[in-house]
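Spelled out from the first residue to the last, the chains are:
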Amino acid sequence: MRANEEVIFTIIVVVIILVFLAIMFLVALTRHNQRRNKLMFENQKIKKDFEQTLLSTQLEIQEQTLTHISREIHDNIGQVLSLARLQLHSLSTNGQENDIEYTDNLLEKAITDLRGLSHSLNTNSIKDNGFSASVIKVLEQFEKTGKFKTSFIDEANFSVSDDHGIILFRIIQEVLNNIVKHADASEIIIRIEKANDHTTINIIDNGKGFDIENLKSAESGIGIRNITERAMIIGAKLSVISQQNNGTTVRITF
Amino acid sequence: MNLEYLQYFHFFQYIALFSAIYFYRGLKIFMAGAMVPLLLLVVLIETLSAIIKTLGFLNNHYLYNIMMFTSTPLYFYLFYYFLNIKEKFRKIYIYISVIISVALLCNFLFFEGVLKFNTLSIIFVSFCTTLLSILLLFRLAVSENYFNLSKHPYFWIAAGLLIFSLGTLVVLGMNQFIRINNLNIVNKVLYRTIMPVLNVILYSSYSYAFYLCARMKKSYSPL
């Protein structure tokens, strides 16, 4: 009887110890996993923050450069062209009035174009006019070329901070440049919508469209990457919807 | 028929089997589809064993011996996928699995025999499952994928098996010693107390793991 009790006791104790050790091992493993996950999560966050800071700095430098170029165009080249125009008016060459008037018109066009370019490059001008007004101004310039019919539809009564506005404006500029270069479009619509706490800016053209797979190629990828990186800074998502001969829609959601 | 030998832990086995069938799609995604035939085998043998005991036949060891050498290849098959073994080790793993399975069959047929409880086999099988469970837990812990360990089905399968195998290693490993020394009371105490608890731990871990398989199937993150 006593031998029985001893054996039972020994076996039960051994089993309890082993099960306890196994449970301790599992708890230690779970703790280790939690700590590792936390560390991985923090590392990812640091990496993301670093990338975002780097991108912001890059964009800031880019904006400063653009503002500098804009100022140079406005203050320097613009002034020189205005002086050239004044000088042209003071010329009195008989029989060549038509030529002088033609040159004057060319100079006037160059000054207007440069002023427009200067304004679109200048960050302060975007800040002063506001996002929507700046976009409308760009669309008006497109309209003036006579090649595009444009519309700006703001269904969301959209307002945005200056910093975000500049980034969104640059994205739209880049997309519009792409439309001019590649789309072969005759109509551009920019529509701002709001649904479920999300605002969406749609840039729609009626151009020839393209195969989305081509975006993966290195050359066309750079433009999209630039736009995507800009969008990332303000926490926006970018999607491109396109089909051959069926136009393209670039959608920025934030 | 009053099945007096049907104990409470049998219900945990049934629950595990039903949840395996119910969450089968999730199990398949986690390469654990073979858990269904494995649990079917366990439930069949355990229920048959209880019926045989109730009918008055004292020896049901041959049933457990059959379960041992039939369930072991299934375990090896499951762990082959759970561990996601690298190509160069795959052949070694398959060879070892086949050798062990054949050795268990030989022990059943020629050495310890059909009617006598195969103590050597149970010790060896428990040792192997302990080792495989630790290996799986280790792989989960060092995996580069980001997931919560306690929310991963493999963790619960390995944890349940580890605790069960360690317990069986001692309790069933001592079976022959207890019988030789006529320590029948010891046998009854051990089989009525420790084994049911170990079974409850194992099969409730399985059931929870199957539920996790179904829940995690959309965000599957293997090893």
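Throughout what follows, the structure given in this document is the object of discussion. Small disclaimer: the values here were computed from a predicted structure and weren't measured. (Residues numbered from 1 in each chain as written. Chains lettered and ligands numbered in written order. Predicted model: local features only at pLDDT ≥ 70, side-chain atom pairs only at ≥ 80, totals over all residues.)

When helices and strands are counted, chain B shows nine helices and zero strands. Moving toward the C terminus, one meets the helices and strands of chain B in the order α-α-α-α-α-α-α-α-α. The buried share of chain B, taken over its 223 residues, is 37%. Intrachain contacts of chain B at a sequence separation of at least 6 include 78% that bridge at least 24 residues. (Helix = DSSP H or I, 4+ residues; strand = E, 2+ residues; numbered from the N terminus. Buried ≥ 20, exposed ≤ 12 C-beta atoms within 10 Å, placed from the backbone. Contact = placed C-beta atoms within 7 Å.)

The number of helices and strands found in chain A is six helices and five strands. The helix and strand sequence of chain A, counted from the amino end, reads α-α-α-α-β-α-β-β-α-β-β. By residue count, 19% of the 254 residues in chain A fall in the buried class. Considering only intrachain contacts with a sequence separation of at least 6, the fraction spanning at least 24 residues in chain A is 66%.

For the rest of this paragraph, the subject is helix α3 (residues 35–54) of chain B. Residues and elements named next belong to chain B. Taking 1.5 Å of rise per residue, 20 residues should cover 28 Å, and α3 covers 28 Å from first to last C-alpha, within 8% of that figure. Those residues of α3 that sit buried are Met 35, Leu 38, Leu 39, Val 42, Ile 45, Glu 46 and Ser 49. What you see down the axis of α3 is that its buried residues fit within an arc of 130 degrees, all on one side. Next to the buried residues of α3 lie α1 (8–22), α2 (24–29) and α4 (61–82). Gly 56 lies just past α3 and shows a positive phi near 105 degrees. (Expected span 1.5 Å × (residues − 1). Arc of directions from axis to C-beta.)

Residues and elements named next belong to chain B. Among the structural elements, Leu 136 can be located in helix α6 (residues 119–142). Along the primary structure Leu 136 and Ile 157 are separated by 21 residues, whereas in three dimensions their C-alpha atoms are 9.5 Å apart. Once residues within four sequence positions are removed from consideration, Leu 136 is found in contact with Phe 79, Phe 82, Leu 83, Tyr 154 and Ala 158.

With that settled, the discussion passes to the interface of chain B and chain A. The interface is formed by 20 residues belonging to chain B together with 17 residues belonging to chain A. Broken down by secondary-structure element, the contributors of at least two residues to the side of chain B that touches chain A are α6, α7 (153–171) and α9 (184–216) of chain B. A per-element tally of the side of chain B that touches chain A places α7 of chain B first, with seven residues. Of the residues assigned to the side of chain B that touches chain A, the class counts are 17 nonpolar, three polar and no charged. (Nonpolar A, V, L, I, M, F, W, Y, C, P; charged D, E, K, R; others polar.)

To continue, consider the pairing of strand β4 (residues 237–242) of chain A. All names here are of chain A. Sheet analysis places β4 next to strand β5 (residues 248–253), joined by six bridges and oriented antiparallel. Of the residues in β5, the one forming a bridge with Leu 238 is Ile 252. Here β4 folds back onto β5 in antiparallel fashion, the turn holding five residues, of which Asn 245 has a positive phi close to 60 degrees. (Pairing = 2+ DSSP bridges.)

In this section: the packing of α6 of chain B against α7 of chain B. Residue and element names in this part refer to chain B. Closest axis-to-axis distance for the α6/α7 pair is 8 Å, and the angle between their directions is 150 degrees. The pairing of α6 with α7 is recorded here as roughly antiparallel in orientation. As α6 runs across α7, the sense of the crossing is left-handed. Judged by residue contacts, Ile 122, Ile 123, Ser 126, Phe 127, Thr 129, Thr 130, Ser 133, Ile 134, Leu 136, Leu 137 and Leu 140 of α6 engage Tyr 154, Phe 155, Ala 158, Leu 161, Leu 162, Ser 165, Leu 166, Thr 168 and Leu 169 from α7. For the contact of α6 with α7, the residue count by class is 14 nonpolar, six polar and no charged. (Axes fitted to C-alpha atoms, helices over the stretch in contact; angles between N-to-C directions. Parallel < 35°, antiparallel > 145°, perpendicular 65-115°, else oblique. Left-handed = near helix turned anticlockwise from the far one by under 90°.)

Turning our eyes to something else, we now look at the packing of α4 of chain B against α6 of chain B. Residues and elements named next belong to chain B. Contact geometry for α4 and α6: axes closest at 11 Å, N-to-C directions at 15 degrees. In terms of their interaxial angle, α4 and α6 are classed as roughly parallel. As for the relative orientation of α4 and α6, their crossing is left-handed in sense. Between α4 and α6, the residues in contact are Met 68, Thr 72, Tyr 75, Phe 79 and Phe 82 and Ser 121, Ile 122, Val 125, Thr 129, Leu 132 and Leu 136, respectively.

This next bit is on the sheet that holds β4 of chain A. Pairing between sheet strands relies on hydrogen bonds along the backbone, with the strands arranged either parallel or antiparallel. Residues and elements named next belong to chain A. Here we have five strands laid out as an open sheet, ordered β1-β2-β3-β5-β4, and mixed in their pairing. The sheet is open, and its two edges are formed by β1 (149–154) and β4, each paired on a single side. On average, each strand axis in the sheet is tilted by 15 degrees relative to the strand beside it, whichever way the strands run. Pairing of β1 with strand β2 (residues 187–195) involves six bridges; the strand directions are parallel. From the neighbouring strand, Asp 154 faces β2, where its bridge partner is Ile 192. Across the sheet, helix α4 (residues 131–144) is in contact with β1 and β2; its angle to β1 comes to roughly 165 degrees. Helix α5 (residues 162–183) contacts β2, β3 (198–205) and β5 of the sheet and is inclined by roughly 20 degrees relative to β3.

What follows deals with unusual backbone geometry. Even without being a glycine, Met 31 of chain B presents a positive backbone phi close to 55 degrees. Tracing the chain through its elements places Met 31 of chain B in the loop between α2 and α3.

In this fold, Leu 29 of chain A is placed in helix α1 (residues 2–90). Residue classification places Leu 29 of chain A among the buried positions, given that 20 C-beta atoms sit within 10 Å. Contacts of Leu 29 of chain A, omitting those with residues within four sequence positions, involve Leu 137, Ala 141 and Leu 149 of chain B.

One face of the sheet, then the other: side chains in a regular strand alternate in exactly this way. Residue and element names in this part refer to chain A. As judged from the eight bridges shared by β2 and β3, these two strands associate in the antiparallel manner. When the bridges of β3 are listed, Ile 192 appears paired with Ile 201. A loop of two residues connects β2 with β3, the two strands running antiparallel in sequence, and Asn 196 in this loop sits at a positive phi of about 50 degrees. Strand direction decides the pairing type here: β3 and β5, joined by six bridges, are antiparallel. Along β5, the bridge assignment pairs Ile 204 with Thr 249.

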